[in-house]
Amino acid sequence: MTTATIGGKTVEVDGEGFLQKPEQWDEELGVEIAKELGIELTDRHWQVVKYMRQQVLDTGSAPSIRSLGKQSGVPIKELYQLFPKGPAKMAAKIAGIPKPHGCI
Amino acid sequence: MKRIVILGAGTAGTIMANRLRKKYKREVGSGDFQITVVDLDDRHIYQPGLLFIPFGTYEPSDTIGTRRSELPAEVGYIQQRIDRVMPEENRVYLEDDSVIDYDVLIVATGSRVVPEETEGLTGAGWGEKMFEFYTQEGAEALAPAMREFKGGNLVLNVTEMPIKCPIAPLEFVFLSDAFFTKRGIRDKVNITLVTPLDGAFTRPLAASAFGNLLEEKGISIVTEFNTGAVDGPNGKLISYDDKTVDFDLLVSVPVHMGAEFVERSPGLGDDMNWVLTDPNTLQSKVKPNIFCIGDATNLATSKAGSVAHFESEILEENIGHFIKEEPLAPAFDGHANCFIETGFNKAVLIDFNYDVEPLPGKFPFPHVGPLSLLRESRLNHVGKMAFKWVYWNMLLPGREIPGVKAQMALRGKHNLAQYTGGQPV
Ligand SMILES: Cc1cc2nc3c(=O)[nH]c(=O)nc-3n(C[C@H](O)[C@H](O)[C@H](O)COP(=O)(O)OP(=O)(O)OC[C@H]3O[C@@H](n4cnc5c(N)ncnc54)[C@H](O)[C@@H]3O)c2cc1C
């Protein structure tokens, strides 16, 4: 495991920059991670990011893109406008949770 | 009296009924235990065979058996649609309003394809130039379209993960390459695999091996394509971020979901109706006396018959522990094992689990094989075609398959380091 310094904080990350310890996250860190991804967080972004984080903390697994579209209150099309390089991955990264495991 | 109820008489439910009846032969004989299985019809489809129907390798009748004949006579069979499970009442409600009470419940109701979930897919063109092959009816409808295809863009689209048998889409494009070569029109057919994954498979090493095979066979691949809609009349796949892929003939692997009754069963499943299941013990999260096996689980392993087979050994053991009020064995490791048809009478075999990638090597006997892992061979193809016999005669009856264990073996496999020039395991 490697560490990275984001916005002055030292956190544990994987090879792709996903936080490994959700408890090291706070909203300011989320803003910093989003900046690195070229995203200025709006309320709509936060709605998705917070839903994503809560789901993972509650259930231990990340919602699929379809569930995200149904449950977060932001339709799938808009998800792609908000997070152009893949909503599930990007929202997870900003939310400070480990990379969602693709199904096999 | 202990009442064990199994929902679903597909691959996993049938295996469990056969295993439990063997384990509790005496108790079932004396009436101390009662095993009951529920399914909605009496047609057991050999699903791996559906892949071969569109190419005319199998006749439609080659994949159809009956359910009752695969179950032991001592096991009760109720033919009814399940309406819901009420975990707090330990009771299953059926469509005709009758109920079944249980002490132990095993959910084995599999997965289903839901093409309606994708905008436009079942609209104009469905059944004419847009098909699927994951159901008996779908595979049969596709066969004449493949026979009569005159050339153009053949697109295989994986709409969304998870799907059952995640290698079937690869097999379909490999077999299409061989099929149109034999028909003498391969030069008129562009074959493209369109997938939401970032490679040909879910795991990196296998993804690159299959990626190379696709290239050798002149098959294109479009990755990270999340299908939002299908425009039949104009022959276009449209992604959520407005990318498009043109098709003349579309073979879709539609969105998969768990059984519908899961939605009406409080606490049982997630929003795609997958049953929330412990990844190692196979106990449900909703209540200790409910277990889940096969495609119906929300586990991060492949939805495959081989997985159901490996799970069944562990589940049988854990049902035993549960009945004796002992702690459960957290023994399931996500083991999956699949033959992948690559066309021209060859196949590749892969073996992997939750943590370990598909690795090259020999299977099932270390260093001896006779089957080769992650490499094309004729013998693997023989293995794939023999799977039909194995399915009906060994898998469903719950017999041990020589050398093949529930937990994945690392002996005889080359590890990742060796694959890149290091030392064998
Ligand atoms: C094209 C294709 C190719 C495949 N190739 C392979 C392969 O090469 N190797 C491999 O290992 N696997 C393969 N598979 C996957 C394999 O067939 C499945 O993983 C396996 O059948 C899963 O078993 P199951 O018991 O969980 O589900 P199923 O066998 O699907 O059984 C579920 C049962 O539940 C019943 N049910 C559902 N809802 C209700 C209800 N409300 N009321 C009553 N009954 C209900 C259904 O009728 C069904 O009989 C393939 C699948 C397909 C479609």
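Before any of the text, the structure's been laid out above.
Treat the numbers as computed from the prediction; the structure is a model and nothing was measured.

Honestly, the interface of chain A and chain B in this entry has me stumped. Any pointers?
Accessible area lost upon the coming together of the parts is a frequently used measure of interface size. Contacts between chain A and chain B engage eleven residues on the former and 24 residues on the latter. For the pair chain A and chain B, the two sides together bury roughly 1,600 Å², of which 50% comes from carbon and sulfur. The tally of links from chain A across to chain B stands at three salt bridges. One salt bridge connects Arg66(A) with Glu117(B), and the closest N-O pair in it is separated by 2.8 Å. At the junction of chain A and chain B, the tally comes to six residue pairs in polar contact (both at pLDDT 80 or more). Elements with a contribution of two residues or more to the side of chain A that touches chain B: helix H3 (65-71) and helix H4 (76-82) of chain A. With four residues, the single largest contributor to the side of chain A that touches chain B is H3(A).

What's the story with empty space enclosed by the protein in this structure? I'm lost.
Gaps between atoms show up when a probe of the same size as a water molecule is rolled over them. All names here are of chain B. Across all of its chains, the model carries two cavities of 30 Å³ or more by this definition. Contributing to the lining of the largest cavity are Val158, Met161, Ile163, Pro166, Pro169, Leu170, Leu193, Thr195, Leu197, Ala200 and Phe201. Class assignment of the residues belonging to the lining of the largest cavity gives a composition of ten nonpolar, one polar and no charged. Space inside the second largest cavity adds up to approximately 40 Å³. Lining the second largest cavity, in full, are Gly294, Asp295, Thr297, Leu299, Thr301, Ser302, Lys303, Ala304, Val307 and Glu311.

Just to check I follow, could you spell out the nonpolar core for this structure?
Nonpolar side chains tend toward joint burial in soluble globular proteins. Membership of the largest hydrophobic core comes to 106 residues, with the highest contact counts inside it found for Phe133(B), Phe210(B) and Ile350(B). Ranked by the residues each element gives to this core, the list is headed by helix H4 (residues 168-182) of chain B, at eight residues. Judged by nonpolar contacts, the second largest core, of 33 residues, contains Leu29(A), Leu41(A), Val48(A) and Phe83(A).

Teacher, can you tell me more about the sheet that holds strand E15 (residues 227-231) of chain B here?
Adjacent strands of a sheet pair through backbone hydrogen bonds, lying either parallel or antiparallel. Residue and element names in this part refer to chain B. On the basis of which strands lie adjacent, the open sheet formed by three strands has the order E15-E16-E17 and antiparallel pairing. In this open sheet, the two edge strands, each paired with only one partner strand, are E15 and strand E17 (244-246). Here the strands of the sheet are splayed against their neighbours by 20 degrees on average, with no regard to which way each runs. Relative to strand E16 (residues 236-239), E15 runs antiparallel, the two sharing four bridges.

How should I be thinking about the packing of aromatic side chains in this particular structure?
Each aromatic ring pair is described using two quantities: the centre-to-centre distance and the angle formed by the ring planes. Taken as a whole and assessed by the stated rule, the structure comprises 18 aromatic pairs over all chains. Summarising the aromatic geometry, the rings of Trp25(A) and Trp46(A) are spaced 6.5 Å apart at their centres and angled 65 degrees between planes, so their arrangement reads as edge-to-face. Here the residue Trp25(A) occupies a position in the loop between strand E2 (9-13) and helix H1 (27-36), and Trp46(A) occupies one in helix H2 (residues 43-59), the gap between them amounting to 21 residues. The burial state of Trp25(A) is the same as that of Trp46(A); both residues are buried. Summarising the aromatic geometry, the rings of Phe55(B) and Phe179(B) are spaced 5.6 Å apart at their centres and angled 65 degrees between planes, so their arrangement reads as edge-to-face. Taken together, the positions of Phe55(B) in the loop between strand E3 (44-45) and strand E4 (64-65) and Phe179(B) in helix H4 put the pair 124 residues apart, joining distant regions of the chain. The class of Phe179(B) is buried, set by a relative accessible area of 14%. Among the aromatic residues, those joined into a cluster by ring pairs are Phe55(B), Phe133(B), Tyr134(B), Phe149(B), Phe172(B), Phe179(B) and Phe180(B). Lying across the ring of Trp274(B), Lys303(B) places its NZ or CZ 4.0 Å from the centre. Taking the ring centre of Tyr58(B) as reference, the NZ or CZ of Lys388(B) above it sits at 4.9 Å.

Reading guide: rules and limits
Residues numbered from 1 in each chain as written. Chains lettered and ligands numbered in written order. Predicted model: local features only at pLDDT ≥ 70, side-chain atom pairs only at ≥ 80, totals over all residues. Heavy atoms only, no water. Contact = heavy atoms within 4.5 Å. Buried area = accessible area lost by both parts, 1.4 Å probe. Salt bridge = Lys/Arg side-chain N within 4 Å of Asp/Glu carboxyl O. Polar contact = N/O pair within 3.5 Å; in protein donor to acceptor, adjacent residues only side chain to side chain. Helix = DSSP H or I, 4+ residues; strand = E, 2+ residues; numbered from the N terminus. 1 Å grid on protein atoms, 1.4 Å probe; cavity = no way out; pocket = protein on both sides within 12 Å on 5 of 7 lines; lining within 4 Å. Points joined across faces, edges and corners; volume = space filled by probe spheres on them. Nonpolar A, V, L, I, M, F, W, Y, C, P; charged D, E, K, R; others polar. Core = buried A, V, L, I, M, F, W, Y, C linked by side-chain atoms within 4.5 Å. Buried < 20%, exposed > 50% of the residue type's maximum accessible area, 1.4 Å probe, protein only. Pairing = 2+ DSSP bridges. Axes fitted to C-alpha atoms, helices over the stretch in contact; angles between N-to-C directions. Phe/Tyr/Trp six-rings, centres within 6.5 Å; stacked < 30°, edge-to-face > 60°. Lys NZ or Arg CZ within 6 Å of the ring centre and 35° of its normal.

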